Amino acid sequence: MAAGGGPIRFLTRWAALGLALAAGVAGAAEAPRLSALIWIAPGHEAAALTHQPAMCLKGGGTDAEVQTGAALFNAPMLLGGQAARADMSCASCHSNGRRNPHFHLDGVSAEPGTADVSSSFFSLARANGRFDPKPIPDLSVPGKVSRDPATGALERFLRGLIVEEFSGREPSPAALAALAAYVRAIGDCGGAAEQPRRLADQAALVRLSVTAAERLAAAGDAGTAAIAVAGARHQLGLINERYAGPALARERKRLLAASRALQPLAQARAPGPEELRRWLAGFERDLMPLLARSEARSLYDEVRARNWIAQNRAD
Ligand code: HEC
């Protein structure tokens, strides 16, 4: 493995994961690392970092429960164990609720876009001892699990997935209902394939997560509210990674401060809806304009992202 000032290598995935786990989210602020690369197939980095499957939600995605579900779908803390520690969420495999064709994790995947969800990497409870990767399904397409709300099959499936396959904590009824509502709302965009990845995507998830936390906290679901707040911090971390290099140090400092301000709210027994609203107002007023101004100098810019990958690729 390259050491010192040399290029970091994508190929030592488990080593990279170990480093990421050791560094922790905040500690990795200066490191030139993009956490999603841990589960991206070699050679797919540029495609995975610059584009994502198109997202269309039925009904425009304005329903509050669907929005809460979208926040949880992108929140690593909904999952437990290794998945959560690697900052992985439902969206790591089902990007935008669709399918991540670039997903690859050693010991979990065969070809890119496949995963063995009953791998002991995720959970010992459901580990079946067989290496059994399956294609990651596009959730906009009706699949094996009935989406009919009357049967409750989707809710039961999602509970099993979270608790048994991903070692997550028992989800609250509100969390399960929201996640199921989101899965049912995922549309296929009339066949449109891809859209670029932008700051706006992460910013939208920050808003969705904090708003979901507000709603859950107001309803007395403190545990799920904390998962959503941690999800907002995760999205801030993803923005932080893209604002790499000395020229964007100010942006990173402000991102870190914003994330730290959320920390007590993620840990509080019941984050106050009022405090969450205030945080979000500050994010829109103080941080978003700064980030938007320098987006073209960040790794959200496609050319910069491709150059960054070329420079950091192993050999
Ligand atoms: C490591 C990658 C991975 C993660 C993370 C993941 N999934 Fe999946 N998901 C899969 C794979 C692979 C299948 C197909 C399994 C099979 O066919 O047996 C699947 C199947 C599903 C299905 C069933 C689709 C059908 O056929 O009807 C749903 C719904 C689903 N996932 C939702 C989720 C949600 C919600 C989360 C987060 C709680 C999640 N997944 C996390 C890989 C993943």
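Residues numbered from 1 in each chain as written. Predicted model: local features only at pLDDT ≥ 70, side-chain atom pairs only at ≥ 80, totals over all residues. Heavy atoms only, no water.

### Structural notes on the coordination of the iron atom of the ligand
- There is one protein donor for the iron atom of the ligand, and it is His94 (NE2), at 2.1 Å.
- Here His94 lies in the loop between helix 5 (90-93) and strand 3 (114-115). (Donors = N, O, S within 2.8 Å, 3.2 Å for Na, K, Ca; no water. Helix = DSSP H or I, 4+ residues; strand = E, 2+ residues; numbered from the N terminus.)

### Here we look at the nonpolar core
- Membership of the largest hydrophobic core comes to 48 residues, with the highest contact counts inside it found for Phe103, Leu105 and Phe122.
- Broken down by secondary-structure element, the contributors of at least two residues to this core are helix 2 (45-50), helix 3 (64-73), helix 5, helix 6 (153-165), helix 7 (173-185) and helix 12 (302-312).
- Among the elements that make up this core, the one with the highest residue count is helix 7 (9 residues).
- Non-local contacts of Phe122, meaning those with residues more than four positions away in its chain, are made with Ala83, Met88, Leu105, Val108, Asp116, Val117, Glu165, Phe166 and Ser167. (Core = buried A, V, L, I, M, F, W, Y, C linked by side-chain atoms within 4.5 Å. Buried < 20%, exposed > 50% of the residue type's maximum accessible area, 1.4 Å probe, protein only. Contact = heavy atoms within 4.5 Å.)

### Things to note about the side chain of Thr114
- With respect to the secondary-structure elements, Thr114 resides in strand 3.
- By relative accessible area, which is 7% here, Thr114 ends up buried.
- Each residue touching Thr114, except ones within four places of it in the same chain, is listed here: Phe103, Val108, Ser109, Pro133, Lys134, Pro135 and Ile136.

### What to know about the packing of aromatic side chains
- This structure, assessed with the given rule, holds 5 aromatic pairs.
- Ring geometry for Phe73 against Tyr182: centres 5.0 Å apart, planes inclined by 55 degrees, an arrangement best described as tilted. Taken together, the positions of Phe73 in helix 3 and Tyr182 in helix 7 put the pair 109 residues apart, joining distant regions of the chain.
- Phe73 gets classed as buried once you look at its relative accessible area, which sits at 3%.
- Geometrically, the ring pair formed by Phe122 and Phe166 is edge-to-face, given 4.8 Å between the ring centres and 65 degrees between the ring planes. Here Phe122, found in the loop between strand 3 and strand 4 (134-135), pairs with Phe166, found in the loop between helix 6 and helix 7; they are 44 residues apart in sequence, far enough to count as distant. An identical accessibility class is assigned to Phe122 and Phe166; each is buried.
- Grouping aromatic residues by their ring pairs yields a cluster made of Phe121, Phe122 and Phe166. (Phe/Tyr/Trp six-rings, centres within 6.5 Å; stacked < 30°, edge-to-face > 60°.)

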